[in-house]
Structures are given as C-alpha cells and as structure tokens.
Amino acid sequence: MGILDGSWVTEGGLETDLIFHHGLDLPDFAAFPLLEEDDGAALLRRYYADYAAIARTARAGLLLETPTWRANPGWGRGLGYDDAALDRLNRAAVALVRAVLEEADVPAVRVSGCVGPRGDGYVASDADADAAADYHRAQVRSLADAGADLVHAMTMTAPAEAIGVVRAARSAGVPVAVSFTVETDGRLPDGSTLAEAVRAVDAADPADFYGLNCAHPTHVLAALDGGAWQERLTFVRPNASTLSHAELDVMEELDSGDLPLLVRTTHELLAQLPGVAVLGGCCGTDRRHVAALWEAAPLTR
C-alpha cells in the first residue's frame, strides 16, 4: 500500500485566509511565526480542524500541510530567524499538525511538510539543481526528523529547484511531492510546459508524486496535451481567482473567485488527471471552496 492510496482532503489557501478573513499581518506571506505565540498556534489548530470536518463528511483521508511554506533559510533569516530557530519551528509545525490529525476522526491521516520556493512563488527560480538541494536540505531534514509522512515542494516555478528538493528529500529518507504553478498560458514562470517540467524531474531525480497549485483550473487546462505524464499528477490545489499572478500580487482585496466556475473547471481538470488523490485549494480559497469541490464530485480511488 502506498502512502497516498485512496482519496485525501487537504486545506485551502492558508495565508490568504489568515490575512483576509482573520485580519492578520503576515510579513513576506509567512505563517510559521504564528507557532511562536499561543494565540497563533490556537488559530492554526482551528483553521486545520475545519478541513477535518470536510474529510469526515467526504469519508476521505485528511492530509494537512505544515504552515512552513516560508520557513526556509532565505525567507526565515529575512524575518529574523536563525538556523536553530527555523529548525525548532519546522519541528513545531509538524507536531501541531500531528496533534490536529490525532483528533480528526477520519479514515486516515498524513502530515505533509510544506516546502516553498527559494524565491518568490511567481518568479522563475535558478536553474541549478545542486544549489537548490543545498538550500532546501536543512528544512527538509527538520521536517523529516520531526515525523512528517512526506515533504511537498509547492509553487515550484522551474524544474531545477524541484529536482533540488527531491535530492534533499532523498538525503533525508522521506517521500517527496512536487507541485508546479503555471501562468495564465499554462506554462511555468520559466517558460516550461507542465509536460516538460514533469519529464525533466523524472529524468533527473523522480519525485514520488507531482501536482499543481496556485493557478486557476482554466489556466491548467491549457497545459494538458493528453500525454502519459498527466497520470503522474497526484495533487490538485487551484486558486480561486482567474487573475494572473502579477495581478494577484498587487491586489489589496481578496478575489475569492467565481465558485461555480471553480467547481466546474476543477472537475473538468480532474476528468483528465486519473491519478489525482489529493484535492484542496490554494490562494483565495477557504473551507467553503474546498467543501464545494468535494460535494460536487468527490474523488474515488
């Protein structure tokens, strides 16, 4: 049995939910500092518990990502956290998510250690896989040693950084997923097609799982060509909005999107991706969006 056999609910867009629905200020879009305060940790537990309720209704497993998308060396140091503090907080994130899952009352649970990009999630990253492996190794090791069931590199903008995260995960002995983001034309920020990105990682150091996040389904549909690579996609976490990354980056109000359009186009997408096992949301989505996606056509695997 594989660690992601069956179907799995995951959460929506943590950071946009906290900023726009809870009024929090998250410098550099970083949620991990909330782990330092009792009130922040309690808010994260309540946030995750909402998705446990969706999984119970759907009779699906629950996979929760740690709030560590920005808890890597460059972003962490910019926020005043040294290596020891980042190690402590990555481990604390795994412990918090594990505690929520232990109370979830769902068929199966997984802790996914979330790894974000070295640069901005909307800008193409460097083309050096070995440098990326060195950069991400400490965070991946912290998440793995704390007991994450897998690590998940989200919002990857180029194949090289994704390969680096895979290499870091292999050195830590933990399963690894890689999710790419695309622009409105269906291409990664570095210009690669999704097919090229998956094939590049597979050719260098294959990930255990692949996925898509931080793009509206209408943008992703443009990238599908019917190739066998589509069967490799396991995670789907769409944005609520049809706007481009550049447009979203300068918005001061949340675009929570057209929910019926999101549901319809997500399930058009799923019809072409037979391997998808994990379904949730990304920027602009919250529990309402994820519940609607599961109510319309729950995954059955």
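Scroll up to find the structure this text is about.
It should be emphasised that the depicted structure is a prediction, and the values quoted were computed from it without experimental measurement.

(A) Up close: the nonpolar core. Ranked by size, the top nonpolar core spans 85 residues in total, and within it Tyr48, Leu62, Val178, Phe180 and Leu194 carry the most contacts. In terms of nonpolar packing, the next biggest core, distinct from the first, is built from 9 residues, Trp8, Leu63, Phe209 and Val278 among them.

(B) Spotlight on helix 10 (residues 259-270). Between the first and last C-alpha of helix 10 there are 16 Å, a value that for 12 residues agrees with the 16 Å anticipated at 1.5 Å per step. Among all positions of helix 10, only Leu262, Val263, Thr265, Thr266, His267, Leu269 and Leu270 are buried. Elements that come into contact with the buried residues of helix 10 comprise strand 6 (209-213), helix 8 (217-221), strand 7 (233-237), strand 8 (278-279) and helix 11 (287-296). Capping the start of helix 10, Asp258 holds a side-chain oxygen 3.1 Å from the backbone nitrogen of Leu261, two or three residues further along.

(C) Summary view of the packing of aromatic side chains. Per the counting criterion, the structure on display carries 4 aromatic pairs. Geometrically, the ring pair formed by Phe29 and Trp69 is edge-to-face, given 6.1 Å between the ring centres and 80° between the ring planes. Within this pair, whereas Phe29 is found in the loop between helix 1 (14-22) and helix 2 (38-58), its partner Trp69 is found in the loop between strand 2 (61-65) and helix 3 (73-78), the two being separated by 40 residues in sequence. By relative accessible area, which is 12% here, Trp69 ends up buried. Centroid distance Tyr47 to Tyr48: 5.5 Å. Interplanar angle 70°. Geometry classified as edge-to-face. Of the two residues, Tyr47 and Tyr48, both sit in the buried class. Through a chain of ring-to-ring contacts, the aromatic side chains of Tyr47, Tyr48 and Tyr51 assemble into a single cluster.

(D) Main features of the packing of helix 6 (residues 159-172) against helix 7 (residues 194-204). Orientation of helix 6 relative to helix 7, taken along the N-to-C sense of each, is 40°, at an axis distance of 9 Å. For the element pair helix 6 and helix 7, the recorded crossing hand is right-handed. In this structure, helix 6 uses Pro159, Ala162, Ile163, Val166 and Arg167 to contact helix 7, whose residues at the interface are Ala197, Ala200, Val201 and Ala204. Of the residues assigned to the contact of helix 6 with helix 7, the class counts are 8 nonpolar, no polar and 1 charged.

(E) Representation of the side chain of His136 in the model. With respect to the helices and strands, His136 occurs in helix 5 (residues 129-145). Setting aside anything within four residues of it in sequence, one finds His136 in contact with Val115, Gly116, Pro117, Arg118, Glu161, Val165 and Ala168.

(F) A look at the packing of helix 2 against helix 11. At a minimum axis separation of 10 Å, helix 2 and helix 11 run at an interaxial angle of 10°. Considering their axes alone, helix 2 and helix 11 lie roughly parallel with respect to each other. Contacts between helix 2 and helix 11 involve Asp50, Tyr51, Ile54 and Ala58 from the first element and Arg287, Val290, Ala291 and Trp294 from the second. For the contact of helix 2 with helix 11, a count of residues per class yields 6 nonpolar, no polar and 2 charged.

(G) The side chain of Ser241, seen in detail. Counting through the fold element by element, Ser241 comes out in the loop between strand 7 and helix 9 (245-249). By relative accessible area, which is 2% here, Ser241 ends up buried. A polar contact of 2.9 Å, which involves the side chain of Ser241, links it to the backbone nitrogen of Leu243. Ser241 has contacts with His216, Leu248, Asp255 and Gly257, leaving out every residue within four places of it along the chain.

Criteria and thresholds
Residues numbered from 1 in each chain as written. Predicted model: local features only at pLDDT ≥ 70, side-chain atom pairs only at ≥ 80, totals over all residues. Heavy atoms only, no water. Core = buried A, V, L, I, M, F, W, Y, C linked by side-chain atoms within 4.5 Å. Buried < 20%, exposed > 50% of the residue type's maximum accessible area, 1.4 Å probe, protein only. Helix = DSSP H or I, 4+ residues; strand = E, 2+ residues; numbered from the N terminus. Expected span 1.5 Å × (residues − 1). Contact = heavy atoms within 4.5 Å. Polar contact = N/O pair within 3.5 Å; in protein donor to acceptor, adjacent residues only side chain to side chain. Phe/Tyr/Trp six-rings, centres within 6.5 Å; stacked < 30°, edge-to-face > 60°. Axes fitted to C-alpha atoms, helices over the stretch in contact; angles between N-to-C directions. Left-handed = near helix turned anticlockwise from the far one by under 90°. Nonpolar A, V, L, I, M, F, W, Y, C, P; charged D, E, K, R; others polar. Parallel < 35°, antiparallel > 145°, perpendicular 65-115°, else oblique.

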